[in-house]
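Okay, here's what each chain looks like letter by letter:
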Amino acid sequence: MNFKNKRTYLFLSFSLLCTILFTFPYLIRDFLPLEHDTLFHLSRIEGLAQALNHGDWFAKIYPLKNLGYGYASPLFYCDIFLIIPAILYNLGLNLASCYKLIIIISTFLSCYLIMNTIYKISKNNSAAYLAGILYLFNNYRITDVYVRGALGEIMGFIFLPIVLLGIYYLLYDDKTKWSTLVIGFTGLALTHNITFVLACILFIFFIIFRLKFLLDNKQRILNIVKAASVTFLLTAFFTLPMLEQLASQKFYLGSYTSTESLYTNTIPFWKYFANQTIFGYGSNDTSYDLSMILNIGYFLMFAPLLYITKRKNINIFIKHSLFIGYILLFLPMQLLPWNYFSFFSLIQFPWRLLMISTICLLVPASLIPYEFNYKKSLVTIVLSTLLLCEGIYHILPVLDRTFGIDSKTSYESLLDGSIIDPFYSAHYVRVELAGADYLPVISPDFRGLQSVITDDTQLSVNGEINRSYNSMTIKNIEPNKSYILPVTYYLGYQVYTIDTDDNIISAVPTYQADNSFVQFDANENETYLLKYKSTSIQNISLWISIGTLITLLIIKVRKLLHI
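Here we come to the pairing of strand β6 (residues 482-488). Most of β6 sits out of view: 7 of its 7 residues are buried. Of the two faces of β6, both are covered, the one formed by S482, I484, P486 and T488 as well as the one formed by Y483, L485 and V487. As defined by bridge partners, β6 adjoins strand β10 (residues 517-521) across 5 bridges and the pair is classed as antiparallel. Its bridge partner lying in β10, Y483 is registered against F520.

Pasting the structure below:
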């Protein structure tokens, strides 16, 4: 076994060990605590599984969600990395285990990739082990996994190390390796939109710090453009339809985000020093006993400061990572005038900046212990042991959680009220939609609504509805009138006239009703079909992404074969 293979084997083994230690509450108990967003992500897995069962591999709408009125979360929150858990769910794996599997795999990959990144940047094996621990067990990530249930961000942790390595290559080292940045940003775009935005903010900060260098090295600028272009083309199948939908109508996502809500989610100074896992909330007006941890931990905050003692010969990338890390660490502070920071509304919560602060400060924090005249192996063993013990201390309270599900819990029990009120103070099925970011703002109160055809005054009319998974047949209605169907409208829904053999005759005018449902103008026919028809942008962007992927694979194969 050569040295490179041995190092890979050791990194993988250590990542497995850290994964077991981090996820032990999941491994030793048949129990999944239901935290802030856990139910929403369980709903995503179940929704995708239903779509796959019906042969819908590129689902745009989950029509069975929200009492059967439908929810278009796949158009805004890419589910591509949930395909395997959804398939396993269809094969019989219980929902709780599907969710746990995602966390376990994400934890393992996050650890290995940050170790690999730190090694490639520093060529320091020992620092890579510290980096793996610091990345997995920092307070912010523990909160993400065990308090917030923020599956999108958790999966985003997989790709942030790749983005950091890509930034290092493009701005500081080998400018030809711009494809690393493509992989990182593509992964983030297809896991969590907000983490993608955070990574863009991170990249902008590094560009500002290296601006003079870039202006003197035009090829690097060209490679940045190449990376951005290829990333755009690869992700076009998701990003362009998402933007098309966002432009088509107003959603809750855009209505509740404001500078006021940004300020509410800034970090009071005392929260930087809180060091006890609390299953609480993130707003700055909550008391200590109700506030979740929103910091990155003492070691990551203070260890990089030791570089002040080494004012000379500091690697420029380490220095920039340190400065940017501290800027991002304190930018979410409550003392800053967040009422004027409307351009940050995309990230919803200012404390999310801690996520990218973590990966920046991790670089100097994992390397500084080896800048002094101590035996490397001893430093690694002592610090690793202490950091792992602290991390496990923060995870132990998870074992006391009592509100959750187990392997015997069915998805239906989450909706029938036997575990939780499926609405709990919302006007929609909150266990499936969470904050209902992607519902139209004009949506009605779904509680108590009758799933019937109504006229344009929203009074019920005689008519027969026959539903299949993602389509609806409407029969026995009067001609030449306007009707509203019990389906939430998203761009792409179309009503057609059909004959007695269910063959489509023609499309009829279809649009959004005042109550956010699908409305159409009937003609002389008495039978109609509602179905979701992919828009031109959805079709074109899909082929753009497929063509780009095939082209890249051909180029890669040709290089491997030296053609």
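That was the structure; now back to the text.
Residues F269, F273, Y298, F302, L305 and I308 make up a contiguous nonpolar surface patch of roughly 570 Å² in combined accessible area. By secondary structure assignment, the location of F302 is in helix α17 (residues 298-302).

Within the structure shown, the criterion is met by 39 aromatic pairs. Look at F269 and Y272: their rings are 6.5 Å apart centre to centre, the planes differ by 45°, and that puts the pair in the tilted class. Note on Y272: relative accessible area 1%, which makes it buried. An angle of 50° between the planes, with centres 6.2 Å apart, marks the rings of F341 and F344 as tilted. The burial state of F341 is the same as that of F344; both residues are buried.

Okay, helix α19 (residues 353-367) next. Helix length check: α19, at 15 residues, gives a terminal C-alpha distance of 22 Å against a target of 21 Å (1.5 Å per residue), a fit within 8%. Taken across its 15 residues, α19 has 15 buried, putting it largely inside the fold.

Here strand β7 (residues 493-498) pairs with strand β8 (residues 504-508) via 4 bridges, running antiparallel. Along β8, the bridge assignment pairs I498 with I504. Adjacent in sequence and paired antiparallel, β7 and β8 are bridged by 5 residues, among which D502 carries a positive phi angle near 65°.

This part covers the sheet that holds β10. An order of β3-β6-β10-β9 is seen for the 4 strands of this open sheet, with the pairing classed as antiparallel. Lying at the two open borders of the sheet, with one neighbouring strand each, are β3 (454-455) and β9 (510-512).

Attention now goes to the environment of A51. Along the chain, the position of A51 falls in helix α3 (residues 38-53). Owing to a relative accessible area of 0%, A51 belongs among the buried residues under this scheme. As for A51 and F238, which are separated by 187 residues in sequence, their C-alpha atoms are 17 Å apart. Once residues within four sequence positions are removed from consideration, A51 is found in contact with D56, A59, Y62 and Y469.

Thresholds applied
- Residues numbered from 1 in each chain as written.
- Predicted model: local features only at pLDDT ≥ 70, side-chain atom pairs only at ≥ 80, totals over all residues.
- Heavy atoms only, no water.
- Buried < 20%, exposed > 50% of the residue type's maximum accessible area, 1.4 Å probe, protein only.
- Helix = DSSP H or I, 4+ residues; strand = E, 2+ residues; numbered from the N terminus.
- Pairing = 2+ DSSP bridges.
- Patch = residues over 30% accessible without salt bridge, like charges linked within 9 Å, V, L, I, M, F, W, Y side chains within 5 Å.
- Areas by Shrake-Rupley, 256 points an atom, 1.4 Å probe, with all protein chains shown as cover.
- Salt bridge = Lys/Arg side-chain N within 4 Å of Asp/Glu carboxyl O.
- Phe/Tyr/Trp six-rings, centres within 6.5 Å; stacked < 30°, edge-to-face > 60°.
- Expected span 1.5 Å × (residues − 1).
- Contact = heavy atoms within 4.5 Å.

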